[in-house]
Amino acid sequence: MAVAGELTVPRGQISSKIPTFNSKSQIFGVPMISCSRGRKKSSISTGVRAVLQVGVEAAESVSKVGGALGFDVVAEEELREKGFLGMRKTKLVCTIGPACSSLEDLERLALGGMNVVRLNMCHNSREWHWDVIRKIKKLNEEKGFCVSVMIDTEGSQIHVVDHGAPSSVKVEEGSIWLFTTKKFEGSRPFTVQANHSGFSEGIKVGDELVIDGGMASFEVIEKIGNDLKCKCTDSGLFLPCAKFSFWRDGKLVERNYKLPTLSRKDWADIDFGIAEGVDLIAMSFVNDADAVRNLKDYISTKSSKSIRVLAKIESLESLQKLGEIVEASDGIMIARGDLGVEIPLEQIPAVQEEITYVCRQMNKPVIVASQLLESMVEFPTPTRAEVADVSEAVRQYADALMLSGESAIGTHGQKALSVLRMASSRMETWSRQENQQSILRHRKLGASLPDRIAEQICDCAAEMANNLGVDAIFVYTKHGHMASLLSRNRPCSPIFAFTNDKSTRMALNLQWGVIPLFVDLTDDMEANIAKSVDLMKVKGLAREKDAVLVVSDITPTAAPSTSVAFQSIQVKTIS
Ligand SMILES: Nc1ncnc2c1ncn2[C@@H]1O[C@H](COP(=O)(O)OP(=O)(O)OP(=O)(O)O)[C@@H](O)[C@H]1O
Ligand SMILES: CC(=O)C(=O)O
Ligand SMILES: [K+]
Ligand SMILES: [Mg+2]
């Protein structure tokens, strides 16, 4: 394998491998982390100590609690093998296509660390997608995986042309081509079909027509009705269903086709997704926040389950309205494929960095997508540049990385997944060592006092976890909000999110550093903590002297939920 080996630091040794960390005994003193002491310790005098003591002490007695901790087999194995700090933080998404849709292939991808499957509704039949969803559910239910399902809408892709051939066609410099909306069967020399009659609206002679972000370029030399006669100025290739954009004086010619973000087919696909209980819907070609809000409203009336909506940033317009779109959505996908058609390719790195930054500021998970390991569609090893690109996305703290053709149609999908896994683990370790004591600064989000308190608690908790070098953070959460606020801080320790809400568990699969666990939660937070830690211990996952920082947003029904004082006390008490 071209990339460096995975991190295999033995349990318990990770803290001491990180130079800026003190050992636990230095920080807390041995008695503080002893597992032989009772929960209600009078010697606990500071908030910090109390925080640390809870987890380790609750681990003390071997559990009387039965039942399984809602761990998925892959996270459990990873924890067993690599210890808390060796757990991968960056989540992995695989696009499923004909190359990986058998039950065996899907299981291999799940074992390889796939957290989310993406089904691109552009391709294949609904029955085909239905079959994949069934297989994933079967694997989750029968084999103990926790793989979420995301459908990705087709959207109104008006800027598509087809040359009528199944493979690529060469375009020579100086050759003259007709771009037409007239329908014809098969291929005609030097003729390509555009899929929308308005494709040439507002386009003038002299404009530049660019195919797929630079596969070939043309100059418009004549307008004939809606058709365009163009001369190739930069030779290259036409792929089937190529996308194109027009440029004038070095700037994109922005056009508004007034097509809805979701076509009739998209709505039918969304109904299908709701009926099949998918966890996430990625919305293609989102141009404003209203489109996201409409879909979220629609889902809330149609589905008892909370399906998260991700907006795909893949047009200039969506970039111009990035803030409002991020705010309205439950997460973002940086769809670099189509984005590269509408903005110059050299701007993609900076735009990606900006979007990942904005998403983290606004506490929304972000997926970096397209061409991460494109050469692996064909070859069994990535280019060095691809590994560098993957590492850069991890360094930017993207929540998730996505495979497209590499898994969907490539012959080395599993290997591509392992490259993502290893490259991200490696970069996470490096950036953890680099940023040991540095604290990520965040925009304040909450408007109400309780929201601001929650945010403050999570920011402080993450900072404490880093400074104190705890092994893990436990968070008890209904809707995942506290878990994501913790994740936003990108702490060194993994965040175990205990939730009694299945859709929260599946949505948190996309969140950096969060291991979502499905458990029964009661109003008695002490009991919740004791039970989960006991279960971890019984399974051999938590050990004596492991230090855990505990945060909760479960509000006991007996307490006055409006009480601000109560909120802060509750968290302090359990933490
Ligand atoms: N379900 C599927 N069936 C057949 N082929 C697929 C399927 N999903 C993906 N593919 C193939 O894999 C390639 C890459 O997949 P992907 O879905 O990421 O395309 P994309 O063009 O990047 O996405 P989008 O259309 O959303 O911009 C596609 O060009 C297609 O050939
Ligand atoms: C993923 C996707 O839709 C794109 O890159 O265009
Ligand atoms: K799509
Ligand atoms: Mg796209």
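Above: the structure in question.
Keep in mind it's a predicted model, so treat the numbers as computed, not measured.

Examining the overall build of the protein
Okay, step 1: Within the protein one finds 21 helices and 22 strands.
Okay, step 2: Within the protein, contacts between residues at least 6 apart in sequence are counted, and of these 71% link residues at least 24 apart.

Some points on the coordination of the potassium ion (ligand 3)
Okay, step 1: With distances of 2.7 to 2.9 Å, the protein atoms coordinating the potassium ion (ligand 3) are Asn 120 (OD1), Asp 152 (OD) and Thr 153 (O).
Okay, step 2: When the donor residues of the potassium ion (ligand 3) are listed from N- to C-terminus, their spacing reads N-x31-D-T.
Okay, step 3: A distance of 5.3 Å spans the gap from the potassium ion (ligand 3) to the magnesium ion (ligand 4). You'll find Asp 152 and Thr 153 in the same group, each marked buried.

Focus: the sheet that holds strand S3 (residues 148–152)
Okay, step 1: The eight strands lie next to each other as S1-S2-S3-S14-S15-S16-S17-S18, forming a closed barrel whose pairing is parallel. In this sheet, neighbouring strand axes are inclined to one another by 25 degrees on average, regardless of whether the strands run parallel or antiparallel.
Okay, step 2: Pairing of strand S17 (residues 366–369) with strand S18 (residues 400–403), which is carried by two bridges, proceeds in the parallel orientation. If you follow Ile 367 over to S18, its bridge partner there is Ala 400.

What to know about the site of ligand 1
Okay, step 1: Around ligand 1, the surrounding shell holds 18 residues, and the nearest of these are Arg 118, Asn 120, Asn 124, Asp 338 and Ser 404.
Okay, step 2: Measuring from an oxygen atom of ligand 1, one finds a side-chain N or O atom of Arg 118 at 2.9 Å.
Okay, step 3: Take Lys 312: an N or O atom from its side chain is 3.1 Å from an oxygen atom of ligand 1.
Okay, step 4: Within the complex, 76% of the 610 Å² of free accessible area of ligand 1 lies under protein.
Okay, step 5: For the shell around ligand 1, the secondary structure elements donating two or more residues are strand S2 (116–120), helix H7 (126–143) and helix H15 (405–408).
Okay, step 6: Class assignment for the residues of the shell around ligand 1 results in six nonpolar, eight polar and four charged.

Some thoughts on unusual backbone geometry
Okay, step 1: Although it is not a glycine, Ser 370 sits at a positive phi angle of roughly 85 degrees.
Okay, step 2: By the element assignment, Ser 370 lies in the loop between S17 and helix H14 (384–395).
Okay, step 3: What makes Ser 370 buried here is its relative accessible area of 16%.
Okay, step 4: Its identity as a non-glycine residue notwithstanding, Gln 371 has a phi of 60 degrees, on the positive side.
Okay, step 5: Topologically, Gln 371 is positioned in the loop between S17 and H14.

Side note on the packing of helix H6 (residues 103–111) against H7
Okay, step 1: Between H6 and H7, whose axes approach to 10 Å, the crossing angle comes to 55 degrees. By the angle between their axes, H6 is oblique relative to H7. The hand of the H6/H7 crossing is right-handed. Here Leu 103, Leu 106 and Glu 107 of H6 come into contact with H7, specifically with Val 132, Lys 135, Ile 136, Lys 138, Leu 139 and Lys 143.
Okay, step 2: Split into classes, the residues belonging to the contact of H6 with H7 amount to five nonpolar, no polar and four charged.

Quick notes on the pairing of strand S7 (residues 191–194)
Okay, step 1: Side chains of S7 alternate between two faces, with Thr 191 and Gln 193 and Val 192 and Ala 194 buried alike.
Okay, step 2: Inspection of the sheet shows strand S4 (residues 160–162) paired to S7 by two bridges, in the antiparallel sense. The partner of Val 161 across the bridge, within S7, is Ala 194.
Okay, step 3: Both strand S6 (residues 176–180) and S7 contribute to a ladder of three bridges, which runs parallel. Among the inter-strand pairings, Thr 180 is bridged to a residue of S7, identified as Gln 193.

Observations concerning the pairing of strand S9 (residues 216–224)
Okay, step 1: As paired strands, strand S8 (residues 208–211) and S9 are joined by four bridges and run antiparallel to one another. The partner of Ile 211 across the bridge, within S9, is Ala 216.
Okay, step 2: Count of turn residues in the S8/S9 antiparallel hairpin: four residues, of which Asp 212 carries a positive phi of about 45 degrees.
Okay, step 3: Between S9 and strand S10 (residues 227–234), which follow one another and run antiparallel, lie two residues, and Gly 225 among them has a positive phi close to 60 degrees.

Let's talk about the environment of Glu 141
Okay, step 1: By secondary structure assignment, the location of Glu 141 is in helix H7.
Okay, step 2: Given the relative accessible area of 67%, Glu 141 is considered exposed.
Okay, step 3: The spacing of Glu 141 and His 163 is 22 residues in sequence and 45 Å in space, taken between C-alpha atoms.

As for the state of the cysteines
Okay, step 1: Using the criterion set out here, one finds zero disulfides in the structure.
Okay, step 2: As a non-bridged cysteine, Cys 458 has Cys 460 as the owner of its nearest cysteine sulfur, 9.3 Å distant.
Okay, step 3: Between Cys 492, a free cysteine, and Cys 460, which holds the nearest cysteine sulfur, the sulfur-to-sulfur gap is 16 Å.

Looking at the side chain of Thr 429
Okay, step 1: With respect to the element layout, Thr 429 can be found in helix H16 (residues 413–434).
Okay, step 2: Assessed through its relative accessible area of 8%, Thr 429 is described here as buried.
Okay, step 3: From its side chain, Thr 429 meets the backbone oxygen of Ser 425 in a polar contact 2.9 Å long.

Here we look at the environment of Ala 447
Okay, step 1: Inspection of the secondary structure assignment puts Ala 447 in the loop between H16 and helix H17 (449–468).
Okay, step 2: Between the C-alpha atoms of Ala 447 and Cys 100, which are 347 residues apart in sequence, the distance is 45 Å.

Observations concerning helix H8 (residues 264–275)
Okay, step 1: Relative to the 16 Å expected for twelve residues at 1.5 Å per residue, H8 spans 17 Å between its end C-alpha atoms, a close match to the ideal helical length.
Okay, step 2: Every buried residue belonging to H8 is among Asp 266, Asp 269, Ile 270, Phe 272, Gly 273 and Ile 274, and all of these are buried.
Okay, step 3: Elements in contact with the buried residues of H8: H7, S3, strand S14 (280–283) and helix H9 (289–302).
Okay, step 4: Two residues or fewer after H8 comes Gly 277, characterised by a positive phi angle close to 65 degrees.

The rules we used
Residue positions are counted from 1 within each chain, in the order its sequence is given. For naming, the first written chain is A and the first written ligand is 1, with later ones following in the order written. In view of the model being predicted, local features appear only for residues whose pLDDT reaches at least 70, and side-chain atom pairs are presented and counted only at 80 or more, with totals across whole chains, interfaces and linings using the full set of residues. As a rule here, side-chain values cover all heavy atoms of the structure and leave hydrogens and water aside. Helix and strand definitions follow DSSP, with helices as H or I runs of at least four residues and strands as E runs of at least two, each counted in order from the N terminus. The contact definition used throughout considers only heavy atoms, calling two residues in contact when any of these lie within 4.5 Å. Because water is not among the atoms used, a metal site may look incomplete, as its donors are only the N, O and S atoms within 2.8 Å, or 3.2 Å for Na, K and Ca. For the exposure calls, accessible area comes from a 1.4 Å probe over protein chains only, and a residue counts as buried if that area is under 20% of its type's maximum, exposed if over 50%, partly exposed in between. For two strands to count as paired, DSSP must find a minimum of two bridges between them. An axis is simply a line fitted to the C-alpha atoms; with a helix, the fit covers only the stretch in contact. Between two such axes, the angle follows the N-to-C directions and lies from 0 to 180 degrees. Neighbouring residues are identified by heavy atoms, a residue being near a molecule or strand if any of them is within 4 Å of it. Under the rule applied, a polar contact is a pair of N or O atoms within 3.5 Å (in protein, one hydrogen donor and one hydrogen acceptor; residues adjacent in sequence only if both atoms are side-chain atoms). To measure how exposed things are, a 1.4 Å probe is used in the Shrake-Rupley method; for residues, cover is taken only from the protein chains shown. Residues are grouped as follows: Ala, Val, Leu, Ile, Met, Phe, Trp, Tyr, Cys and Pro are nonpolar; Asp, Glu, Lys and Arg are charged; all remaining types, including Gly, are polar. Here the word oblique covers every angle except those under 35 degrees (roughly parallel), over 145 (roughly antiparallel) and from 65 to 115 (roughly perpendicular). Crossings are sorted by hand: turned counterclockwise from the far helix by less than a right angle, the near helix makes the crossing left-handed, and turned clockwise it makes it right-handed. Our working definition of a disulfide is a cysteine sulfur pair at a distance within 2.5 Å. The length a helix should cover is 1.5 Å for every residue beyond the first.

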